[in-house]
Amino acid sequence: MSTAEDQIQVSLQAQCSRTVSGMRPTGPLHIGHYFGALKNFVSMQHDSEAFFFVADWHALTSDYADTSRVGEFVEAMVLDWLSVGLDPESCTIFRQSSVKQHAELHLLLSMITPNSWLERNPTYKEQQQEITTKDLGNYGFLGYPVLMASDILLYRPSWVPVGQDQLPHMELTREIARRFNFLYGETFPEPQARLTPSAKCPGLDGRKMSKSYGNGIYLSDSIEEISPKVRSMFTDPARLRKTDVGNPDVCNLFPYHILLTDEATQSEIREGCTKATLGCVDCKKIFMKGLEDFLAPFQERRAQITQAHIREVLAYGNEKAAKAAEETMQRVRTAMHLA
Ligand code: TRP
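What counts as what
- Residues numbered from 1 in each chain as written.
- Predicted model: local features only at pLDDT ≥ 70, side-chain atom pairs only at ≥ 80, totals over all residues.
- Heavy atoms only, no water.
- Helix = DSSP H or I, 4+ residues; strand = E, 2+ residues; numbered from the N terminus.
- Expected span 1.5 Å × (residues − 1).
- Buried < 20%, exposed > 50% of the residue type's maximum accessible area, 1.4 Å probe, protein only.
- Near = heavy atom within 4 Å.
- Polar contact = N/O pair within 3.5 Å; in protein donor to acceptor, adjacent residues only side chain to side chain.
- Areas by Shrake-Rupley, 256 points an atom, 1.4 Å probe, with all protein chains shown as cover.
- Salt bridge = Lys/Arg side-chain N within 4 Å of Asp/Glu carboxyl O.
- Phe/Tyr/Trp six-rings, centres within 6.5 Å; stacked < 30°, edge-to-face > 60°.
- Core = buried A, V, L, I, M, F, W, Y, C linked by side-chain atoms within 4.5 Å.
- Domains from an automatic or database assignment.
- Contact = heavy atoms within 4.5 Å.
- Pairing = 2+ DSSP bridges.
- Right-handed = clockwise from strand over helix to strand, strands pointing away.

**A closer look at helix α4 (residues 70–83)**
Right, on to step 1. For α4, which comprises 14 residues, the first-to-last C-alpha distance of 20 Å matches the rise-based estimate of 20 Å (1.5 Å per residue) to within 8%.
Right, on to step 2. Counted residue by residue, α4 has ten buried out of 14 residues, so it is predominantly covered.
Right, on to step 3. Here α4 has its buried residues at Val70, Val74, Glu75, Met77, Val78, Leu79, Asp80, Trp81, Leu82 and Ser83.
Right, on to step 4. Gly85 lies just past α4 and shows a positive phi near 110 degrees.

**Some words on the site of the ligand**
Right, on to step 1. Around the ligand, a shell composed of 13 residues is seen, among which Arg24, His58, Tyr144, Asp151 and Gln166 lie nearest.
Right, on to step 2. Within the contact set of the ligand, an oxygen atom lies 3.3 Å away from a side-chain nitrogen or oxygen of Arg24.
Right, on to step 3. Note that a nitrogen atom of the ligand is positioned 2.7 Å from one of the side-chain N or O atoms of Asp151.
Right, on to step 4. Calculation on the ligand without its partners gives an accessible area of 360 Å², and the protein chains cover 90% of this total.
Right, on to step 5. Secondary structure elements with two or more residues in the shell around the ligand: β1 (18–23), α9 (144–153) and β4 (159–162).

**Here we look at the pattern of salt bridges**
Right, on to step 1. A full pass over the atoms with the stated rule returns 19 salt bridges.
Right, on to step 2. For Arg302, the salt bridge identified is with Asp80, shortest N-O distance 2.5 Å. Of the two residues, Arg302 sits in helix α14 (residues 280–304) while Asp80 sits in helix α4, which places them 222 residues apart along the sequence.
Right, on to step 3. A relative accessible area of 16% means that Arg302 is categorised as buried.
Right, on to step 4. Its salt-bridge partner being Asp282, residue Lys285 comes within 3.8 Å of it at the nearest N-O pair.

**Side note on the packing of aromatic side chains**
Right, on to step 1. Going through the model one piece at a time under the given rule, you end up with 14 aromatic pairs.
Right, on to step 2. Ring geometry for Tyr34 versus Phe35: centroids 5.1 Å apart, planes at 85 degrees, classification edge-to-face.
Right, on to step 3. Where Phe94 meets Tyr155, the ring centres are 5.7 Å apart and the plane angle is 50 degrees; that geometry is what we call tilted. Placement of the pair is Phe94 in strand β3 (residues 91–95) and Tyr155 in the loop between α9 and β4, with a sequence separation of 61 residues. Like Phe94, the residue Tyr155 is buried in the burial classification.

**Notes on the nonpolar core**
Grouped burial of nonpolar side chains is what soluble globular proteins tend to show.
Right, on to step 1. The biggest cluster of nonpolar side chains holds 48 residues, and the ones touching the most others in it are Ile31, Leu38, Trp81, Leu219 and Leu291.
Right, on to step 2. For this core, the secondary-structure elements that each account for two or more residues are α2 (31–47), β2 (49–54), α4, β3, α11 (223–231), α12 (254–260), α14 and α15 (307–335).
Right, on to step 3. Here this core spans two domains, and each of domain 1 (3–201 + 306–335) and domain 2 (223–301) adds at least three residues to it.
Right, on to step 4. In contact with Ile31, other than residues within four places in its own chain, are Cys201, Met209, Ile217, Leu219, Tyr256, Leu291, Phe294 and Leu295.
Right, on to step 5. Counting 33 residues, the second largest nonpolar core, distinct from the first, contains Leu108, Val146, Leu153 and Ala177.

**Digging into the pairing of β1**
Right, on to step 1. Counting buried positions along β1 gives five out of six residues, so the element sits mostly inside the fold.
Right, on to step 2. One ladder, built from six bridges, connects β1 with β2; its direction is parallel. Counted as the bridge partner of Ser21 is Phe52 from β2.
Right, on to step 3. The handedness of the β1 to β2 crossover, carried by α2, is right-handed.

This is the structure:
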């Protein structure tokens with residue numbers, strides 16, 4: 001039974017803004033993930049009550065055949081998060097599959113979600129067509145956005161930091177929330193996506209940075225691993241000799257200077273490149289130095305983090321998340337006469 005004081009506590013918390021987001025544990029995070037999402041997570045943990053979780057059930061919707069490494073991937077992801085400065089004292093870090101309320105809400109929301117909403121989802125249609133290496137004709141994959149809606153609505157957040165590609169899922173989440181509120185009474189506030197400013201972070205070879213192309217710079221890379229990668233990076237393909245003028249706007253390296261190099265140096269680089277006074281090798285040296293300085297604090301932190309600590313962070317976060325999730329589930333069960 002909750003006391004009156006508990007209830008005041010709960011309603012006060014519900015008023016202050018909450019943030020929720022998750023990532024599927026599909027492999028080590030690269031610097032594109034940092035600039036595209038994690039950087040935002042780190043700043044949002046300070047200005048709202050933030051929940052960040054490893055979406056391991058979501059990873060299973062497409063990678064269900066071999067689940068032997070899920071636990072390892074979850075811990076590796078938490079290590080990446082802690083290394084960039086997510087702080088378990090400032091936000092709640094947890095594992096989706098450890099908070100069973102996600103599954104309960106998913107089941108209930110699945111009752112009120114029309115098939116047509118899922119079948120017309122552009123991400124679903126696109127992936128069904130494009131991914132040919134796996135069979136995605138499973139029920140769990142179709143229901144991916146319903147599980148995502150549950151992940152979000154369970155914490156009744158104001159904000160969900162996500163990439164542009166997740167907007168159809170956010171729209172569906174709001175539609176499901178509206179339908180629930182219409183059927184059972186006002187329960188879920190409608191959450192808003194908070195888009196990460198688009199940061200261009202191409203892979204080393206100019207394609208999208210992706211684990212499957214082996215063209216990424218990872219947050220866990222050591223300096224020794226990075227320098228051959230930087231040396232092999234593509235620059236302006238038309239600039240064969242240092243004496244040729246280059247064009248930073250078609251160069252694969254220049255977008256990184258925009259992210260990591262101060263503005264004055266960026267202008268010097270642009271000028272040196274377009275006037276052929278700065279060669280690609282020297283330009284890469286500036287980048288390499290910037291990258292080292294950028295990654296150094298992450299690497300220092302990473303070296304201090306033990307597996308036992310990661311497990312402690314998760315155990316602590318799982319418990320905090322479950323408490324918040326259970327509060328919402330009590331409202332949901334009451335609203336649906338299932339209490
Ligand atoms: N679908 C998200 C992605 O692929 C991951 C995710 C799952 C998520 N549940 C979420 C993101 C809830 C935000 C909120 O990136």
